[in-house]
Amino acid sequence: MGGGEEAAKRQRWMEEAFRMAKEALGNGEVPVGCLMVYNNTVLGQGRNEVNETKNATRHAEMVAVDQVLAWCRQNCKNPVEVFEQTVLYVTVEPCIMCAGALRLLKIPLVVYGCQNERFGGCGSVLNIAADDLLGTGTSFECIAGYRAEEAVEMLKTFYKQENPNAPKSKARKKDSDES
Ligand SMILES: [Zn+2]
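Everything numeric in this text was worked out from a predicted model, so none of it was measured. Every chain's residues receive numbers from 1 upward, in the order its sequence appears when written. Where totals are concerned, whole chains, interfaces and linings use all residues; where local detail is concerned, this predicted model gives features only for residues with pLDDT of at least 70, and gives and counts side-chain atom pairs only at 80 or more. Excluding hydrogens and water, the side-chain values take into account all heavy atoms of the structure.

Asker: Account for the overall build of the protein, with residues named and values stated.
Answerer: The secondary structure content of the protein amounts to seven helices and five strands. Expressed as a percentage of its 179 residues, the buried residues of the protein come to 39%. Summing over all exposed atoms, the protein offers an accessible surface of approximately 10000 Å²; the carbon and sulfur share of this is 51%. Helix numbering and strand numbering both begin at the N terminus, where a helix is a DSSP run of H or I of at least 4 residues and a strand a DSSP run of E of at least 2. Burial here depends on accessible area, computed with a 1.4 Å probe over protein chains only, as a share of the maximum for the residue type. Under 20% is buried, over 50% is exposed, and the range in between is partly exposed. Values of accessible area rely on a 1.4 Å probe in the Shrake-Rupley scheme; residue burial ignores everything except the protein chains shown.

Rendered as structure tokens:
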């Protein structure tokens, strides 16, 4: 396959990931969207669902992983083999938690948009992607910077909004006094 064709495909997958990130933003979620592609087929797609589900682990990547697992069950495929040949396309650098999960699943390649300054697990805070972590899956390759400015703008828009689910500072202080 020529490099041009590969680039066009990558662009198409990222286009869809950005569409999902926009949907997240429209629903009061951290604007992250992602796709998991195996054999030129989208097996999973996700956007952040933390506020909706009131579950702090429901990042876009985790939602997509669950869809891939469901696909494997339905199609009698071995998830170990599928994830080893799956590429993740995501609008923001995976966080430390998600990077750990991607290692354990042995996903070989992640294409992402902007850096995740707060929680990034592919170099920004820790480098879970590339570090030598014996017994924690395999390291994975990253291609960063795809439409990064656009991804950052979405994050900025989100963090500028009032988050109705954030604990009030008073309540937070009271909690810490009690502990
Ligand atoms: Zn994450």
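Asker: Could you give me a rundown of the packing of aromatic side chains, with the residues and numbers involved?
Answerer: In this scheme Phe, Tyr and Trp rings, the latter by its six-membered ring, pair at centre separations within 6.5 Å, and the angle between planes marks the pair as stacked below 30 degrees, edge-to-face above 60, and tilted otherwise. Taken as a whole and judged by the stated rule, the model has three aromatic pairs. Ring centres of F158 and Y159 lie 5.1 Å apart, and the angle between their planes is 80 degrees; this geometry places the pair in the edge-to-face category.

Asker: How would you explain the pattern of salt bridges if you had to name every residue and give the values?
Answerer: For this document, the term salt bridge refers to a Lys or Arg side-chain nitrogen within 4 Å of an Asp or Glu carboxyl oxygen. Counting across every chain of the model gives nine salt bridges. When the shortest N-O distance is used, the salt bridge between R47 and E52 registers 3.0 Å. In this structure R47 comes out as buried when scored by relative accessible area, which is 8%. The shortest N-O distance in the salt bridge between D66 and R58 comes to 2.8 Å. Exposure remark for R58: the relative accessible area of 18% places this residue in the buried category.

Asker: Tell me about the environment of V152, and please be specific about residues and values.
Answerer: Checked against the element boundaries, V152 lands in helix α6 (residues 148–160). Distance in space between the C-alpha atoms of V152 and P31 is 9.5 Å, their sequence separation being 121 residues.

Asker: A description of the coordination of the zinc ion should follow, citing residues and the corresponding values.
Answerer: Distances from the zinc ion to its protein donors, namely H59 (ND1), C95 (SG) and C98 (SG), fall within the range 2.0 to 2.3 Å. Any N, O or S atom lying within 2.8 Å of the metal counts as a donor, with the limit raised to 3.2 Å for Na, K and Ca; because water is left out of the atom set, some sites can appear incomplete. Read N to C, the donor residues that coordinate the zinc ion are spaced as H-x35-C-x2-C. Comparing C95 with C98, the two get one shared label, buried.

Asker: Tell me about helix α1 (residues 3–26), and please be specific about residues and values.
Answerer: By definition here, a helix of n residues has an expected span of 1.5 Å times n minus one. Relative to the 34 Å expected for 24 residues at 1.5 Å per residue, α1 spans 35 Å between its end C-alpha atoms, a close match to the ideal helical length. Buried residues of α1: K9, W13, M14, A17, F18, M20, A21, A24 and L25, and no others. Looking at the buried side of α1, the elements it contacts are β1 (33–38), β2 (41–47), β3 (86–92), β4 (109–114) and α6. G28 lies just past α1 and shows a positive phi near 70 degrees. Pairs of residues are marked as contacts when any of their non-hydrogen atoms sit within 4.5 Å.

Asker: Help me get a handle on the side chain of N48, residues and values and all.
Answerer: Tracing the backbone shows N48 in the loop between β2 and α2 (50–53). The class of N48 is buried, set by a relative accessible area of 5%. Within the local environment of N48, its side chain forms a polar contact with the backbone nitrogen of V50, the two atoms lying 3.1 Å apart. Filtering out sequence-adjacent residues up to four positions away, N48 remains in contact with A24, E29, V30, V32, R58, H59 and A60. The term polar contact refers here to a pair of N or O atoms within 3.5 Å; inside protein, the definition further demands a hydrogen-donor-capable atom paired with an acceptor-capable atom, and it admits residues adjacent in sequence only when both atoms are side-chain atoms.

Asker: Go over the nonpolar core, please, and point to the residues and values.
Answerer: M36, Y89 and V110 are the most contacted members of the largest nonpolar core, which totals 40 residues. Taken together, the elements giving at least two residues each to this core come down to α1, β1, α3 (60–74), α4 (79–83), β3, α5 (96–105), β4 and α6. Only buried residues count toward a nonpolar core, which is a set of Ala, Val, Leu, Ile, Met, Phe, Trp, Tyr and Cys residues joined through side-chain atoms within 4.5 Å.

Asker: Account for the sheet that holds β4, with residues named and values stated.
Answerer: Think of it this way: DSSP has to see at least two bridges between two strands before they count as a pair. Strand order in the open sheet formed by five strands is β2-β1-β3-β4-β5, with mixed pairing between adjacent strands. The open sheet has two free edges, formed respectively by β2 and β5 (141–143), since each of these has just one partner strand. Shown here is a sheet whose adjacent strand axes are inclined to one another by a mean of 20 degrees, direction ignored. Here three bridges tie β4 to β5, and the two strands are oriented parallel to one another. Counted as the bridge partner of V110 is C142 from β5. Axes, fitted as lines to C-alpha atoms, cover a helix only where it is in contact. Angles between the N-to-C directions of the axes lie from 0 to 180 degrees.

Asker: Can you tell me about the pairing of β3, naming the residues and giving the values?
Answerer: Counting buried residues in β3 gives seven out of seven residues, a clear majority hidden from the surface. The pairing of β1 with β3 spans five bridges and is classified as antiparallel. Opposite C34, over in β3, you have V90 as the bridge partner. Pairing geometry for β3 and β4, over five bridges, is parallel. What sits directly across from V90, in β4, is Y112. Crossover handedness for the path β3 to α5 to β4: right-handed. With the strands pointing away from the viewer, any crossover whose connection runs clockwise from the first strand over the helix to the second is right-handed.

Just geometry here; none of it tells us what the structure is for.
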